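# Structural overview for review
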Amino acid sequence: MSLVLDPAAQDLLFREARTANTFSDEPVTDEQIQAIYDLVKFGPTAFNQTPLRITLVRSAEARERLVKHMAEGNQPKTATAPLVAILSADNEFHDELPQLLPHFPQAKDVFFAERPVREQSALLNAALQAAYFIVGIRAAGLAAGPMTGLDFGGVQKEFLDADHTPLMVVNIGKPGEDAWFPRSPRLAYDDVVTTV
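The structure reproduced in this document is the subject of the present report. (Residues numbered from 1 in each chain as written. Predicted model: local features only at pLDDT ≥ 70, side-chain atom pairs only at ≥ 80, totals over all residues. Heavy atoms only, no water.)

### Re the overall build of the protein
- When you go through the protein residue by residue, the secondary structure sums to nine helices and four strands.
- For the protein, the N- to C-terminal ordering of α and β elements is α-α-β-α-α-β-α-α-α-β-α-β-α.
- Taking 16 Å as the expected radius of gyration for a compact globule of 196 residues, we find that the protein reaches 18 Å, a close match to that expectation.
- Along the three orthogonal principal directions, the C-alpha set of the protein runs to about 50 × 50 × 35 Å.
- Put simply, 79% of the contacts in the protein that link residues at least 6 apart link residues at least 24 apart.
- Total accessible area on the protein is roughly 11,300 Å²; 57% of this is exposed by carbon and sulfur atoms. (Helix = DSSP H or I, 4+ residues; strand = E, 2+ residues; numbered from the N terminus. Rg over C-alpha atoms; globule rule 2.2 N^0.38 Å. Contact = heavy atoms within 4.5 Å. Areas by Shrake-Rupley, 256 points an atom, 1.4 Å probe, with all protein chains shown as cover.)

### Regarding helix α8 (residues 152–159)
- Within the span of α8, buried status applies to G154, V155 and F159. When α8 is viewed along its axis, its buried side chains cluster within an angular range of 100° and face the same direction.
- Check the buried side of α8 and you find it contacts α3 (60–67), β2 (83–90) and β4 (164–173).
- Among the residues of α8, the N-terminal cap falls to D151, whose side-chain oxygen and the backbone nitrogen of G153 are separated by 3.2 Å. (Buried < 20%, exposed > 50% of the residue type's maximum accessible area, 1.4 Å probe, protein only. Arc of directions from axis to C-beta. Polar contact = N/O pair within 3.5 Å; in protein donor to acceptor, adjacent residues only side chain to side chain.)

### Focus: a nonpolar patch on the surface
- Nonpolar side chains collect at one region of the surface, where L187, Y189, V192 and V193 lie side by side and expose about 450 Å² of accessible area between them.
- Among the secondary structure elements, Y189 is positioned in helix α9 (residues 189–192). (Patch = residues over 30% accessible without salt bridge, like charges linked within 9 Å, V, L, I, M, F, W, Y side chains within 5 Å. Salt bridge = Lys/Arg side-chain N within 4 Å of Asp/Glu carboxyl O.)

### As for the packing of aromatic side chains
- One pass over the structure, following the stated rule, counts five aromatic pairs.
- Judged by centre distance (4.9 Å) and plane angle (45°), the ring pair of F47 and F111 falls under tilted. Of this pair, F47 sits in the loop between α2 (30–40) and β1 (52–57) while F111 sits in helix α6 (residues 107–112), placing them 64 residues apart in sequence.
- For the ring pair F104 and F111, a centre distance of 6.0 Å and an interplane angle of 80° mean the geometry is edge-to-face.
- A relative accessible area of 23% means that F104 is categorised as partly exposed. (Phe/Tyr/Trp six-rings, centres within 6.5 Å; stacked < 30°, edge-to-face > 60°.)

### Section: helix α7 (residues 115–139)
- Between its first and last C-alpha atoms α7 spans 35 Å; for 25 residues at 1.5 Å apiece the expected length is 36 Å, and the two agree.
- Among the residues making up α7, those that are buried are R118, S121, A122, N125, A126, Q129, A130, F133, I134, G136, I137 and R138.
- Among the residues trailing α7, G141 stands out with phi positive, at a value near 80°. (Expected span 1.5 Å × (residues − 1).)

### Some points on the packing of α3 against α8
- For the pair α3 and α8, the least separation of the axes is 10 Å and the interaxial angle reads 155°. Considering the angle they form, α3 stands roughly antiparallel to α8. Contact residues: A62, R65 and L66 in α3; V155, E158 and F159 in α8.
- Its residues assigned to classes, the contact of α3 with α8 shows four nonpolar, no polar and two charged. (Axes fitted to C-alpha atoms, helices over the stretch in contact; angles between N-to-C directions. Parallel < 35°, antiparallel > 145°, perpendicular 65-115°, else oblique. Nonpolar A, V, L, I, M, F, W, Y, C, P; charged D, E, K, R; others polar.)

### A closer look at the pattern of salt bridges
- Applying the stated criterion across every chain, the model contains 13 salt bridges.
- We note a salt bridge from D38 to K41, for which the minimum N-O separation is 3.6 Å.
- On the accessibility criterion, D38 (31% relative accessible area) is partly exposed.
- Salt-bridge contacts for R115 lead to E119; the nearest nitrogen and oxygen are separated by 2.8 Å. Of the two residues, R115 and E119 are both situated in helix α7; the distance of four residues between them amounts to about one turn of the helix.
- The class for R115 is partly exposed, based on a relative accessible area of 25%.
- Linked through salt bridges whose partners overlap, the residues forming this network are E92, R115, R118, E119 and D163.

### Overview of the nonpolar core
- Residues I36, L87, F133, I137, V170 and I172 are the most contacted members of the largest nonpolar core, which totals 24 residues.
- Breaking this core down by element, the ones donating at least two residues are α2, β2, α7 and β4.
- Ignoring sequence-local partners within four residues, the contact set of I36 consists of F133, G136, I137, A140 and L142.
- Counting 16 residues, the second largest nonpolar core, distinct from the first, contains A62, L66, M70 and L160. (Core = buried A, V, L, I, M, F, W, Y, C linked by side-chain atoms within 4.5 Å.)

Right, dumping it as structure tokens:
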């Protein structure tokens, strides 16, 4: 094996990690989420942009509002997970580029002056950050249940604004009883990698 990362960490982050469908009632604290973010914020993005926005759904009233926008099969687990996060892309991320890219502050206007360009870049780079966030949840010893089975327009209207595009909803917590479906297959190296 030519990986530097300890095999136990490899298992925690990838091989043994699964999408959880049930959770224990152990709470997920703000401190845990901050530690996760403070780790994963270092994942690479284009132009060091940071379009991911995380809306933590903690109150019972907000949870009820969210559950009604989830696909039927996702409603029970969203209703009972210790914490739920709405991940979205901020299409006005370019306003932060002078701070985040101090050696090239004009990138804001040179590359991202037009809204369609920003939306495409925000979507791609926030999706990268969402993947880092999921791995960060695993690094904290928690399980993630990312879902795209939802009414995106309804979630945007209920929780966001026109400048934020919802990407997914993620249930977060310690896995509960019968949390896992059987592991689905993955493609082999030779099915994915081509050398030219």
